[in-house]
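Spelled out, the chains give:
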2 protein chains.
Amino acid sequence: MNLFLSSVSFILYLVAVCQASGTDIALDAKATLLHRIDSLNLLIYTCLLTLTVLTIWVFKHRRVSWLHETGLAVIYGLIVGAIIRYAGSTNQVTYINVHPAPETKYNLSVPPDMLRLHFPDKMQVSSGDAPVPNKTYAYSFRGEIVNVEQNEIDLKATFDPEIFFNIILPPIIFHAGYCLKRKYFFRNLGAILTFAMVGTALSALVIGALMYGCVQLMPESLATSFTFLDTLYFGALISPTDPLTVLAIFSQLKVDVNLYAMIFGESVLNDAVALVLSGAIQNYELRYSNDGGFEITAFLGAIGDFIGIFSLSLLVGALIGCLTALMTKFTHVREWPLLESALFVLTSYAAFLIAEVCELTGVVAVLFCGICQAHYTYNNLSSDSRNRTKQLFELLNFLAENFIFTYIGVSMFTFPKHHFDPWFIIAGFVTSTLGRAVNIYPLSFLLNLGRNPPIPMNFQHMLFFSGLRGAMSFALAIRNTVSEARQAMLTTTSLIVIATVVLQGGAATHALAYLRIPTGEGGNDESDALPYRDVRSDTPRDRGDGVSGQKARLARLWGAVDSKLLKPLLTHARPPLTETLPAFLRPLARVLTTTHQYTQGDNSLRRTDSDSDLCIDDQHAVPTSIDPQLSINVRNGYGHV
Amino acid sequence: MNLFLSSVSFILYLVAVCQASGTDIALDAKATLLHRIDSLNLLIYTCLLTLTVLTIWVFKHRRVSWLHETGLAVIYGLIVGAIIRYAGSTNQVTYINVHPAPETKYNLSVPPDMLRLHFPDKMQVSSGDAPVPNKTYAYSFRGEIVNVEQNEIDLKATFDPEIFFNIILPPIIFHAGYCLKRKYFFRNLGAILTFAMVGTALSALVIGALMYGCVQLMPESLATSFTFLDTLYFGALISPTDPLTVLAIFSQLKVDVNLYAMIFGESVLNDAVALVLSGAIQNYELRYSNDGGFEITAFLGAIGDFIGIFSLSLLVGALIGCLTALMTKFTHVREWPLLESALFVLTSYAAFLIAEVCELTGVVAVLFCGICQAHYTYNNLSSDSRNRTKQLFELLNFLAENFIFTYIGVSMFTFPKHHFDPWFIIAGFVTSTLGRAVNIYPLSFLLNLGRNPPIPMNFQHMLFFSGLRGAMSFALAIRNTVSEARQAMLTTTSLIVIATVVLQGGAATHALAYLRIPTGEGGNDESDALPYRDVRSDTPRDRGDGVSGQKARLARLWGAVDSKLLKPLLTHARPPLTETLPAFLRPLARVLTTTHQYTQGDNSLRRTDSDSDLCIDDQHAVPTSIDPQLSINVRNGYGHV
């Protein structure tokens, strides 16, 4: 607590210094001050995270389970945000209005990138004694000012929202893809895809429509400031779930792996879906300006956008993942684990950048890159690199996740563009709950028609209950806060995130008990005793259900392609391509098969398969000073060819 | 090569798009374009680093030793920089001159943070058909324009110089501190401190004076644009050495550890010294504006600045390191390695930030924080965290180092503020060589008066030869490029870095052979056969040499404090404080001693000492798929209390 109080008192000192010496402060000192404020902001979050880490340790040590680390981060953030808000005075930004110089010629219809201001020119400056020398200063473009009266920009403890999309989210999403338990993910692929794709779109639509209705009923100016597209955008951004807290408890209590896989898989994919969906809504908005009408061609265009951007981003990510697998298979870079790990990190980051450069969605690319890296590349890595990359992304994920939740707490008080509207907030809470219900129950009913065994009712309740909102919702909400409507959305989203993470997350253990969902050793392995065991049985109960039958055929086809073509091509797995490819492709197959693939026994196929090596939250489940995965990896590490 | 060519062709495409649709491009599309250019810049460097990693692997595989990875990074950077420069057309920034609105009142003597521009106002915009709507845009402060005629700002493949100090250098410096072989470092502390502190200052002074003389002799306008402080600043920034290449070859060929320790230790410390020194010179400059005169009080003030900032930064770093040691000793956070690693990373970063907030030097703080973390905290960490933090910083260091050298290559062509002056460049090469000689030979002579055994002549030549320039010189040179003098310095520094890293680095193996410095197994351990073995013998040959005698006493005192007070207090090492503290402090000592310290046997003291666990460039020396340190760590890991 000391570190944190001292940083707060330091802000006060800074603010005081800045105000006291306002008239004679040199420009250079001002630049230094800005740098120090930046450093101080970072320091506040660093100290908050340190505090969170220490408190989590105390909680784990005393086996407190009603508060997860993200909930804790939010609460600490709220406390510090309140102190910063009410303790320090506002360090406001100075501005003046300018006009172009009379002789200016300019041949573009977009505003210039830079302005050059002669200061103080003929302007009167009340600096008292010393005359201010005339100098030229450069100013660079920041954006349009919509509301000219109200643009207080505050330097305190806020960051550019774009850092969430470019720095904080990529490692979180990559880690989710890299640590996906793919066996259970693919077993429940039908349910996961239905909930994530159809469910998120449905939820967005329902929330958007309900909110639009609510807003129309409100007796205030709010009604006119929201278009249907605005509420639809709100629906899209509040739909993705982020059940970190629930999943941590699941892995602690060893809840059924299929339930775990459904909740985790859905939350990973619906982040990606919501991001692309909100992008498509914005594109629609851009194309048809702000009339808010509903044009069928534009609607189809938005759907086309959604499908195109999602699948192209997926493709970019998957291709980069496969390229990395090829590089690690056909070079001996595994002899130098440092180089290998660097290569792995660089190509994964390149997937994000390539997608962004091509105007696709980097987050989606990095998710599927992560899945491919885990499915193929991981098998080619040296044991040192496996361990290193796993630990690196685990740490990055931990820091990024806790940073974003701390920021949600702090920004609740310090971010200057909040707009509290009680009716909108209440409507937001109600509709987001309804949206989650519409996502789960009807779709579960439909899924159960073609599923054997069906998803039991208590699992459906748990799926509904796991609809916590998190990082992606917040990042989307804070990205654009120009209008009052968007500011009301940010406030509501922040409150929903805080409430669900702290309250719903805290009640997860009780919910499990209340819903009588089995926990303990029996739940978390494949042994038996659960009715929900044999999902992969490839014979759908209802053969008449065409979609389900087709999906099963698709899954079988994919399984065959994966095990006969992709795995032998991209990894050292058996059977080699020379056995699986048709005869006329044998020469090519021979080139693409390594000596290692020929010489290894069939049994090593199982042992080097990565799925069992990768699991989430090992540290949470098994408190030990020696990572159990480590010894497995070391044991499995085979000599280089 | 394909990735890289495709990214270059993509630039061409982008530039073409940008020019073709120049008149009707929407503002939003422009923001997207800027984001894409940012992503593209990052992508270029990511691909370059990937290429470097793959080429290094080929070189290591084929045992090519005449080109180190940093040399390779520079060369690839140069090639790509040249292609970007000569293939793409310039995507110039647009600007207009503005004046304050007539009615403006402004009550500060510093220019405002923001300007609000009504666009297009009454200005004529030649957008052809459509009228441009009047909107208000925000512009934020960037800096002073000194040379109004020439301020082309280029968006291509350049970054804000501050990122070097805030993002790239801290992990490099921390890693250097964390991986220091402290046993040999402390054995040679006298020589290292002399070379790093006295030597760097001396070298800066000699280079500054010689350059000032050279500049005065030049028959050009350059003579008037350089003050003595400018050339002194050049001396300070070109003095720190960065012998990465040489050290990699040393560890490959197992050269004498004391020579290794001297070269590495000096290069670590002289980075910190040069940074603080250049800051002190700039402060001096700020205080006494630009007359370039030499005032004795200001000079003493600068020396005071130097000593104060250096020692306070050291203190901040060391305190944070010790605080982390206490946290890891007295909590059981080691049971959750993820939390422990996060705590370690956060506190280390906090050391940097706290120093920056207090207007000290973050880089110096992070260096000494790294040394303390290695000396104390490392012993308290779980084996998983030891491994994880070591690997994390190794990877960060690798990526940061190669990024900066790639950037040096690329920026040679793309950075718009280069100023090629052949005489200044030649003078820079000659004086920097002389400066290195002045650093090594006279100081070695003085050291040898009080040293037993003395530093042999071939070691002195090798020390001289290891004076490659690197990351710190470049970062300091590119930080400030407002004047022509500073631009000439940047160009000269870049060329010196490139030449020394590529040529001198490439010739290191031959230099070792030519100087008959022993290599092989005998050189890299303490066994015997070398005359240079027993440096620690605490009896200086010349008892009359007061300084040396005092230094030895200081070293003994420090050793006693360290082993009897600090190690027992901050780690689980024996003997416990209850045995070493005087009787009246026993109750306190009992509180500060853990059960583990009482119960462990004396022999575990040696085994958990971290020094032997930490060494640099393991991956380079021992190509193996299983990190040998790993198994040692796992073996040494003792159960938690």
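Residues numbered from 1 in each chain as written. Chains lettered and ligands numbered in written order. Predicted model: local features only at pLDDT ≥ 70, side-chain atom pairs only at ≥ 80, totals over all residues. Heavy atoms only, no water.

Asks: Sorry if this is basic, but what is going on with the overall build of chain A here?
Replies: Of regular secondary structure, chain A possesses 27 helices and 3 strands. Looking at the 641 residues of chain A, the share that counts as buried comes to 59%. In chain A, once contacts between residues fewer than 6 apart in sequence are set aside, the share between residues at least 24 apart is 80%. Per element, the accessible surface of chain A, about 25500 Å² overall, is 63% carbon and sulfur. (Helix = DSSP H or I, 4+ residues; strand = E, 2+ residues; numbered from the N terminus. Buried < 20%, exposed > 50% of the residue type's maximum accessible area, 1.4 Å probe, protein only. Contact = heavy atoms within 4.5 Å. Areas by Shrake-Rupley, 256 points an atom, 1.4 Å probe, with all protein chains shown as cover.)

Asks: Where do I start with the packing of helix α4 (residues 162-178) of chain B against helix α13 (residues 362-380) of chain B in this structure?
Replies: The axes of two packed helices give the description: the angle between them and the distance between them. Residues and elements named next belong to chain B. Where α4 contacts α13, the axes come no closer than 7 Å and their chain directions differ by 35 degrees. Once α4 is placed against α13, the crossing between them reads as right-handed. Together, Phe-165, Leu-169, Pro-170, Ile-173, Phe-174, Gly-177 and Tyr-178 of α4 and Val-363, Val-366, Leu-367, Cys-369, Gly-370, Ile-371, Gln-373, Ala-374 and Tyr-378 of α13 make up the contact between the two elements. A breakdown of the residues in the contact of α4 with α13 according to their chemical character gives 13 nonpolar, 3 polar and no charged. (Axes fitted to C-alpha atoms, helices over the stretch in contact; angles between N-to-C directions. Left-handed = near helix turned anticlockwise from the far one by under 90°. Nonpolar A, V, L, I, M, F, W, Y, C, P; charged D, E, K, R; others polar.)

Asks: What's the story with helix α17 (residues 471-479) of chain B in this structure? I'm lost.
Replies: Two residues of an α-helix separated by three or four positions point the same way, owing to the 3.6 residues in each turn. Of all 9 residues making up α17 of chain B, 8 are buried, and the element is well covered by its neighbours. Those residues of α17 of chain B that sit buried are Ala-471, Met-472, Ser-473, Phe-474, Ala-475, Leu-476, Ala-477 and Ile-478 of chain B.

Asks: Before we go on, may I ask you to explain the packing of helix α6 (residues 189-217) of chain B against helix α8 (residues 228-238) of chain B in this structure?
Replies: Residue and element names in this part refer to chain B. As a packed pair, α6 and α8 sit with axes 7 Å apart at the nearest point and diverge in direction by 135 degrees. Taken together, the axis directions place α6 and α8 in an arrangement best described as oblique. Relative to α8, the crossing made by α6 is right-handed. On α8, the residues touching Ala-204, Leu-205, Ile-207, Gly-208, Ala-209, Met-211, Tyr-212 and Val-215 of α6 are Phe-228, Thr-231, Leu-232, Phe-234, Gly-235, Ala-236 and Ile-238. A per-class count over the contact of α6 with α8 returns 12 nonpolar, 3 polar and no charged. (Parallel < 35°, antiparallel > 145°, perpendicular 65-115°, else oblique.)

Asks: Help me understand the domain arrangement of chain A in this model?
Replies: How big an interface is tends to be stated in terms of accessible area lost as the parts join. Residue and element names in this part refer to chain A. On domain assignment, one finds that chain A holds domain 1 (161-515) and domain 2 (551-597). Each side of the interface is counted separately: domain 1 has 12 residues, and domain 2 has 14 residues. Surface buried jointly by domain 1 and domain 2 totals about 1100 Å² across both partners, of which 61% is contributed by carbon and sulfur atoms. Among the residues of domain 1 in contact with domain 2, Lys-329, Phe-330 and Tyr-376 are the three that bury the most area, contributing 52% of the side total. Mapped onto the side of domain 1 that touches domain 2, the elements with two or more residues apiece are α6 (189-217), α11 (296-330) and α13 (362-380). Class assignment for the residues of the side of domain 1 that touches domain 2 results in 6 nonpolar, 5 polar and 1 charged. (Domains from an automatic or database assignment. Buried area = accessible area lost by both parts, 1.4 Å probe.)

Asks: I would appreciate a short explanation of the pattern of salt bridges in the present structure.
Replies: Between side chains of opposite charge, a pair can form when the charged atoms approach closely. The tally for this structure, following the rule as stated, stands at 9 salt bridges over all chains. With a shortest N-O distance of 2.9 Å, Glu-266 of chain A and Arg-436 of chain A are connected by a salt bridge. Highlighted residues: Glu-266 of chain A in helix α10 (residues 257-287) and Arg-436 of chain A in helix α15 (residues 422-449), separated in sequence by 170 residues. What makes Arg-436 of chain A buried here is its relative accessible area of 4%. Notably, a salt bridge pairs Glu-394 of chain A with Arg-388 of chain B, separated by 2.9 Å at the nearest N-O pair. (Salt bridge = Lys/Arg side-chain N within 4 Å of Asp/Glu carboxyl O.)

Asks: I tried to follow the nonpolar core on my own but got confused; where do I start?
Replies: Across soluble globular proteins, you tend to see nonpolar side chains buried next to one another. By size, the foremost hydrophobic cluster in this structure holds 300 residues, and its most contacted members are Phe-164 and Met-462 of chain A together with Phe-164 and Met-462 of chain B. Aside from chain neighbours lying at most four places away, what touches Met-462 of chain B is Val-246, Phe-250, Leu-259, Ile-263, Ala-508, Ala-511, Leu-512, Leu-515 and Ile-517 of chain B. Membership of the second largest hydrophobic core comes to 16 residues, among which are Val-98 and Tyr-106 of chain A together with Ile-96 and Tyr-137 of chain B. (Core = buried A, V, L, I, M, F, W, Y, C linked by side-chain atoms within 4.5 Å.)

Asks: Explain a nonpolar patch on the surface here, please?
Replies: Residues and elements named next belong to chain A. A cluster of nonpolar residues, Phe-186, Leu-557, Trp-558, Val-561 and Leu-565, forms a patch on the protein surface that exposes about 430 Å² of accessible area. Mapped onto the elements, Leu-557 comes out in helix α21 (residues 546-570). Take Leu-557: its relative accessible area is 53%, and that puts it in the exposed class. (Patch = residues over 30% accessible without salt bridge, like charges linked within 9 Å, V, L, I, M, F, W, Y side chains within 5 Å.)

Asks: Just to check I follow, could you spell out the packing of aromatic side chains for this structure?
Replies: Residues and elements named next belong to chain A. Under the counting rule described, the total for this entry stands at 48 aromatic pairs over all chains. Both rings, one in Tyr-86 and one in Phe-413, keep their centres 6.2 Å apart while their planes meet at 70 degrees; by these two values the pair is edge-to-face. With Tyr-86 in helix α3 (residues 69-87) and Phe-413 in helix α14 (residues 383-414), this pair connects stretches of sequence that are 327 residues apart. For Tyr-86, a relative accessible area of 59% corresponds to the exposed category. (Phe/Tyr/Trp six-rings, centres within 6.5 Å; stacked < 30°, edge-to-face > 60°.)

Asks: Quick question: what am I supposed to make of the pairing of strand β1 (residues 95-100) of chain A here?
Replies: Strand residues, when the strand is regular, have side chains that alternate between the two faces of the sheet. What you see with β1 of chain A is a clean split: Ile-96, Val-98 and Pro-100 of chain A sit on the buried side and Tyr-95, Asn-97 and His-99 of chain A on the side with no burial. Two strands pair when backbone bridges link them, and β1 of chain A and strand β2 (residues 114-119) of chain B are joined in this way by 4 bridges, in the parallel orientation. Considered in β2 of chain B, the bridge of Ile-96 of chain A is made with Leu-115 of chain B. Note that β1 of chain A and strand β1 (residues 95-100) of chain B share 3 bridges and pair antiparallel. By the bridge assignment for β1 of chain B, Pro-100 of chain A is matched with Val-98 of chain B. (Pairing = 2+ DSSP bridges.)

Asks: Please explain helix α3 (residues 69-87) of chain B as it appears in this structure.
Replies: When the terminal C-alpha atoms of α3 of chain B are compared, their 26 Å separation across 19 residues agrees well with the 27 Å that a helix rising 1.5 Å per residue should span. Of all the positions in α3 of chain B, only Glu-69, Thr-70, Gly-71, Leu-72, Ala-73, Val-74, Tyr-76, Gly-77, Val-80, Gly-81 and Ile-84 of chain B are classed as buried. (Expected span 1.5 Å × (residues − 1).)

Asks: Would you take a moment to explain the confidence of the model for chain A for this structure?
Replies: Caution applies to low-pLDDT regions: their predicted coordinates should not be interpreted in detail. Looking at chain A as a whole, the pLDDT averages 76, with 74% of positions reaching at least 70. Below a pLDDT of 50 lies the segment residues 602-641 of chain A, which in the model reaches 92 contacts outside its immediate sequence neighbourhood of four places, other chains included. (pLDDT = per-residue confidence, 0-100.)

Asks: Help me understand the state of the cysteines, please; the structure alone is not making it clear to me.
Replies: The bond known as a disulfide is covalent and runs between the sulfur atoms of two cysteines. This structure, assessed with the given rule, holds 0 disulfides over all chains. Looking at the unpaired Cys-322 of chain A, the closest cysteine sulfur is the one in Cys-372 of chain A, lying at 4.6 Å. By relative accessible area, which is 18% here, Cys-322 of chain A ends up buried. With no disulfide of its own, Cys-358 of chain B has Cys-47 of chain A as its nearest cysteine by sulfur position, at a separation of 11 Å. Judged by relative accessible area, which is 36%, Cys-358 of chain B ranks as partly exposed. (Disulfide = S-S within 2.5 Å.)

Asks: Please clarify how the environment of Ala-555 of chain B should be interpreted in this entry.
Replies: With respect to the helices and strands, the residue Ala-555 of chain B is situated in helix α21 (residues 546-570). Considered as a pair, Ala-555 of chain B and Gly-190 of chain B are 365 residues apart in the sequence and their alpha carbons are 9.4 Å apart.

Asks: In this structure, what is going on with unusual backbone geometry? I would like to understand it.
Replies: Trans peptide bonds make up the majority, and among non-glycine residues the majority have a negative phi. Residue and element names in this part refer to chain A. The phi torsion at Glu-359 lies on the positive side, around 60 degrees, for a residue other than glycine. Tracing the backbone through its elements, the reader meets Glu-359 in the loop between α12 (337-357) and α13. Look at Glu-359 and you get partly exposed, because its relative accessible area is 45%.

Asks: Can you help me understand the side chain of Asn-270 of chain A in this one?
Replies: Residue and element names in this part refer to chain A. By the secondary structure assignment, Asn-270 is in helix α10. Taking the relative accessible area as the measure of exposure, Asn-270 reaches 0% and is therefore buried. Not counting the four nearest positions on each side in its chain, Asn-270 is found in contact with Ala-196, Thr-200, Ser-239, Pro-240 and Thr-241.

Asks: Could you clarify how one ought to interpret the side chain of Asp-256 of chain B in this entry?
Replies: Residues and elements named next belong to chain B. Counting through the fold element by element, Asp-256 comes out in the loop between α9 (244-253) and α10 (257-287). According to the relative accessible area criterion, Asp-256 is buried, its value standing at 4%. Looking at Asp-256, its side chain comes within polar contact range of the main-chain nitrogen of Asn-258, at 2.9 Å. A polar side-chain atom of Asp-256 sits 3.1 Å from the main-chain amide nitrogen of Leu-259. (Polar contact = N/O pair within 3.5 Å; in protein donor to acceptor, adjacent residues only side chain to side chain.)

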